[in-house]
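Examining the three-dimensional arrangement
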Amino acid sequence: MQHLIRTDDFTVQEIEGIFADARKFSDGKFDRILQDKIVITLFFENSTRTKSSFEIAAKRLGAEMIHLDAAKSSTKKGETLVDTAMNLDAMNPHAIVVRHQNSGVPKILSNHTKSAIINAGDGAHAHPTQALLDLFTLKEHFGDVKGKKIAIVGDIKNSRVANSNIELLTRFGMEVILVAPPHFLPKTALKTTHFLNEIIDDVDVIMSLRTQTERHSSQSYASLKDYASDFCITTELVGDRDILILHPGPVHRNIDICDELLADKRCKVLEQVTNGVSIRMAVLKKLIHDI
């Protein structure tokens, strides 16, 4: 059984196949090909877009969805995650979509199940379907993304979205530049800067990230307003440049991106959400139908 734990679990050829399916699904061309399949969602962290996106994706393809409330699961009674996985697997679902606050949990579960494990975000490690939908959004706009430059801005060190996008976008030939305050930057061989003005004329895309305050051991900025003064993506910064604006959500308005720019046609945030359903439909098709 193939799993999706990290973006590099799929080859370039497999990803192009997923994108081809996603385009068909975006056009409304799909059948209930998962009608006798069961998909379980197991979220130990809050989620709006990812969880509902997976549920809509599965239902559109005809799968039966079962949502397990992690707050009421037996892990709260002392059951280990491995035992939870083995017990769920014994019920013979076809896929389990997992989000957890700790890195590595989906990988551990994949070692103890016969069903496909899909990582919906684990700690600061990986969020593969988010990176896939981000790349899909870019490819739908540019066609060929090779040679395009993207600035990823914000709390990169604590961002699973950044990790997955760095791996995936560079593999498809994009140049990634990281923009963040020093304490938000990981050790990396990529180009980095602390100043948006240094790169604004060089990039084709800006991906803003939410500050991951829940993953900070201590307050790292005096206030989010202070952070925004240096790293908010504003109309004044962007001007009339031909630049796409992405964000994985949820957006902190006027902290990550200003209100005016969120309403700008160059901002693809809602398009990302729409594409997320099609991409997750294609991932489910690949993992539990095309086997």
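Described in the following lines is the structure provided in the data block. None of the values given here were measured: they were computed from a predicted structure.

Attention now goes to the overall build of the protein. Assigned secondary structure in the protein consists of ten helices and nine strands. A compact globule built from 291 residues should have a C-alpha radius of gyration of about 19 Å, and the protein, at 19 Å, falls within 12% of that. Burial statistics for the protein: of 291 residues in total, 53% are counted as buried. Within the protein, contacts between residues separated by at least 24 positions form 74% of all contacts whose residues are at least 6 apart in sequence. Of the roughly 13100 Å² of accessible surface on the protein, 48% is carried by carbon and sulfur atoms.

Bringing the pattern of salt bridges into the picture now. Taken as a whole and judged by the stated rule, the model has 14 salt bridges. Notably, a salt bridge pairs Asp21 with Lys285, separated by 3.2 Å at the nearest N-O pair. One end of the pair, Asp21, is in helix α1 (residues 12-26); the other, Lys285, is in helix α10 (residues 269-288), with 264 residues separating them in the sequence. Given a relative accessible area of 14%, Asp21 falls into the buried group. Here Lys285 falls in the buried class, since its relative accessible area comes to 16%. Across the salt bridge formed by Lys149 and Glu175, the nearest N and O atoms sit 4.0 Å from each other.

Moving on, we get to α1. Helix length check: α1 (15 residues) gives 21 Å between terminal C-alpha atoms against 21 Å at 1.5 Å per residue, within 8%. All of the buried residues in α1 are Ile15, Ile18, Phe19, Asp21, Ala22 and Phe25. The buried residues of α1 occupy an angular sector of 165° when projected down its axis, which confines them to one face. One or two positions beyond α1, positive phi appears at Gly28, with a value near 80°.

Here the focus is the sheet that holds strand β6 (residues 175-179). Spatial ordering of the open sheet is given by β7-β6-β5-β8-β9, a layout of five strands whose pairing is parallel. Only two strands of the sheet have a single neighbouring strand rather than two, namely β7 (191-193) and β9 (244-246). Ignoring strand direction, the axes of neighbouring strands in this sheet form an average angle of 20°. Across three bridges, the pairing between strand β8 (residues 205-208) and β9 is parallel.

Another point: the sheet that holds strand β3 (residues 95-100). Pairing is parallel in the open sheet, where four strands are placed in the order β2-β1-β3-β4. Of all strands in the sheet, those bounded by a partner on one side alone are β2 (64-69) and β4 (116-122). Neighbour to neighbour, the strand axes of the sheet diverge by 15° on average, direction disregarded. As defined by bridge partners, strand β1 (residues 38-43) adjoins β3 across five bridges and the pair is classed as parallel. Paired with Leu42 across the bridge in β3 is Val98. Its contacts with the sheet put α10 on β1, β3 and β4, and the angle it makes with β4 is roughly 145°.

A few words now on the side chain of Asp134. Mapped onto the fold, Asp134 is located in helix α5 (residues 128-142). Here Gln272 takes part through its side chain, which lies 2.7 Å from a polar atom of the side chain of Asp134. Not counting residues up to four positions away in its chain, the partners in contact with Asp134 are Val161, Asn165, Met207, Leu246 and Gln272.

As a further point, take unusual backbone geometry. Of the consecutive residues Gly249 and Pro250, the connecting peptide bond is found in the cis state with omega at -5°. Tracing the sequence through the fold places Pro250 in the loop between β9 and α9 (259-262). In this model, Asn254 sits at a positive phi of 65°, which is unusual for a non-glycine residue. For Asn254, the location among the structural elements is in the loop between β9 and α9. With relative accessibility at 39%, the residue Asn254 sits in the partly exposed group.

With 81 residues, the main nonpolar core has Val39, Leu132, Leu138, Ile152, Ile233, Ile245 and Ile279 as its most contacted residues. Element by element, the count of residues in this core is highest for α10, at nine residues. Apart from residues no more than four positions distant in its own chain, Ile279 is found in contact with Ile18, Phe19, Ala22, Thr129, Leu132, Leu133 and Phe136. Residues Ile40, Leu42, Phe44 and Ala85 belong to the second largest nonpolar core, which totals twelve residues.

Criteria and cut-off values
Residues numbered from 1 in each chain as written. Predicted model: local features only at pLDDT ≥ 70, side-chain atom pairs only at ≥ 80, totals over all residues. Heavy atoms only, no water. Helix = DSSP H or I, 4+ residues; strand = E, 2+ residues; numbered from the N terminus. Rg over C-alpha atoms; globule rule 2.2 N^0.38 Å. Buried < 20%, exposed > 50% of the residue type's maximum accessible area, 1.4 Å probe, protein only. Contact = heavy atoms within 4.5 Å. Areas by Shrake-Rupley, 256 points an atom, 1.4 Å probe, with all protein chains shown as cover. Salt bridge = Lys/Arg side-chain N within 4 Å of Asp/Glu carboxyl O. Expected span 1.5 Å × (residues − 1). Arc of directions from axis to C-beta. Pairing = 2+ DSSP bridges. Axes fitted to C-alpha atoms, helices over the stretch in contact; angles between N-to-C directions. Polar contact = N/O pair within 3.5 Å; in protein donor to acceptor, adjacent residues only side chain to side chain. Core = buried A, V, L, I, M, F, W, Y, C linked by side-chain atoms within 4.5 Å.

Any functional reading would require information that these geometric values do not contain.
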